[in-house]
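# A closer look at the structure
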Amino acid sequence: MKLTTEDYIRILETCEIKGHDEAILRILRYVELGYPVMLYGPPGNGKTTIAEHILSYIGGEDESSFLKIEATEGMSEYQVIGGFHPLAMSGNAELAQKFMYKDGIVARAIESGKNLLIDEFTRAPSSAYSGLFLLLSRDTLPLEYKETVLKKPEGWVLISTANFGDEGTFKLSNALKRRFVPINVGYVSSATEKTVISNITPDLDPEVENAIILFASETRTLWRKDRSIPQGLSTDGVIKMARYCELAMSQGFDGKSVFVDAAFHQGTIIADETDPHSIQLVQELALKIAEDM
Ligand SMILES: Nc1ncnc2c1ncn2[C@@H]1O[C@H](COP(=O)(O)OP(=O)(O)OP(=O)(O)O)[C@@H](O)[C@H]1O
Ligand SMILES: [Mg+2]
């Protein structure tokens, strides 16, 4: 996959996600070198959007130029690579003939020459991906159920996204981990977030805007310091707070109370909801910021 300087610039300029230029550059270099990448980091900071943006650009700004699957806990090799269709066991000969096997998403991508996004990779157990090994190391995909071997198309791009260590995720097997280049997509700076929300909510009261940005950065500090909460507020959360506050204030409510209101909603998302201490910590933080408004 050859990308020109013009391509790099266009991809950066047209990306909805701001503040991740470094990460995007790294991804593009590896894509150009033909290595699969895995974007990882805390939820809600633009991993999926960045991956889709890049794949869509590479496919000529065409969303249907790549395939996408969102991994789930129950996913197995059948969905990823393919296998015999349950109806192949049907007593009805016609049905059995018609539904012999089903290609998984990877087989379909390779067969149609489409690039692939595996979103939320670590939500599925590593066993679901066993068929990927040969593809990523030898460029071939054996399909046992069809007795054929597919060859990886020239310039084929595979991007995945993942939350490491998040609840409800599986630990990646080492063998699988080595086959992706991990690229971190973390929290962006407060300055970037200010620009983002000024664009999305131009009528937001500046004092409330500052309070939201401060709340976000303080929750991230809490998370970094001693993991007293499982994650900081995401940029997605910041945007939701800003939009909620802008709307509620336009309905006549005061800034302080709508800020606390929104902070409590987002606080419940980022805190460990089964741990009253964790929720209390975030709520106290919101009240303290509101006091100084
Ligand atoms: N840096 C950013 N600049 C602009 N918008 C952002 C940024 N980060 C997140 N967003 C907003 O948050 C939304 C959610 O992002 P996205 O779903 O891509 O995150 P994610 O990292 O894939 O989250 P998850 O881990 O939950 O899947 C985006 O559609 C975008 O509107
Ligand atoms: Mg995502």
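### Some thoughts on the site of ligand 1
In the region of ligand 1, 19 residues are neighbours, and P43, T48, T49, T235 and D236 sit closest. If you list the elements that add at least two residues to the shell around ligand 1, you get α3 (47–58) and α11 (235–250). Looking at the shell around ligand 1, its residues break down into five nonpolar, ten polar and four charged. Per-domain counts for the shell around ligand 1 show at least three residues from each of domain 1 (5–184) and domain 2 (190–291).

### Considering the domain arrangement of the chain
On domain assignment, one finds that the chain holds domain 1 (5–184) and domain 2 (190–291). Each of domain 1 and domain 2 was reduced to a C-alpha centroid, and the two centroids are 33 Å apart. Taken together, the contact between domain 1 and domain 2 spans seven residues of the former and nine residues of the latter. Grouping the amino acids of the side of domain 1 that touches domain 2 by side-chain chemistry returns two nonpolar, four polar and one charged.

### Side note on the sheet that holds strand β2 (residues 66–70)
Strand order in this open sheet of five strands is β2-β5-β8-β1-β9, and the pairing throughout is parallel. Two strands bound the open sheet, and with one partner strand each, they are β2 and β9 (181–184). The average angle at which neighbouring strand axes cross in this sheet is 20°, direction not considered. One ladder, built from five bridges, connects β2 with strand β5 (residues 115–119); its direction is parallel. From the neighbouring strand, I69 faces β5, where its bridge partner is I118. Those strands touched by helix α2 (residues 21–33) are β1 (37–40) and β9, and its axis lies near 165° from that of β9.

### A word on the nonpolar core
Within the largest apolar cluster, 45 residues are counted, with the highest numbers of intra-cluster contacts made by I27, L39, I54 and V106. Leave out the neighbours within four places in its chain, and I27 touches V37, L39, I54 and I183. Ranked by size, the runner-up nonpolar core spans 23 residues in total, among them A216, V238, A262 and A263.

### Side note on the environment of Q79
Following the sequence through the fold, Q79 ends up in helix α4 (residues 77–80). C-alpha of Q79 to C-alpha of G104: the two residues are 25 residues apart in sequence and 4.6 Å apart in space. Sequence-distant contacts of Q79, defined by excluding residues within four places in its chain, comprise G104 and I105.

### Some points on the packing of α11 against helix α12 (residues 255–270)
It is at 9 Å that the axes of α11 and α12 come closest, and there the two elements cross at 150°. In this view, α11 runs roughly antiparallel relative to α12, as classed from their interaxial angle. Helix-helix and strand crossings are classified by hand; for α11 and α12 the assignment is right-handed. Across the interface between the two elements, G237, K240, M241, Y244, C245, A248 and M249 of α11 pack against G255, V258, F259, A262, A263, Q266, I269 and I270 of α12. Of the residues that constitute the contact of α11 with α12, the class distribution is eleven nonpolar, three polar and one charged.

The rules behind each value
Residues numbered from 1 in each chain as written. Chains lettered and ligands numbered in written order. Predicted model: local features only at pLDDT ≥ 70, side-chain atom pairs only at ≥ 80, totals over all residues. Near = placed C-beta within 6 Å. Helix = DSSP H or I, 4+ residues; strand = E, 2+ residues; numbered from the N terminus. Nonpolar A, V, L, I, M, F, W, Y, C, P; charged D, E, K, R; others polar. Domains from an automatic or database assignment. Contact = placed C-beta atoms within 7 Å. Pairing = 2+ DSSP bridges. Axes fitted to C-alpha atoms, helices over the stretch in contact; angles between N-to-C directions. Core = buried A, V, L, I, M, F, W, Y, C linked by C-beta atoms within 7 Å. Buried ≥ 20, exposed ≤ 12 C-beta atoms within 10 Å, placed from the backbone. Parallel < 35°, antiparallel > 145°, perpendicular 65-115°, else oblique. Left-handed = near helix turned anticlockwise from the far one by under 90°.

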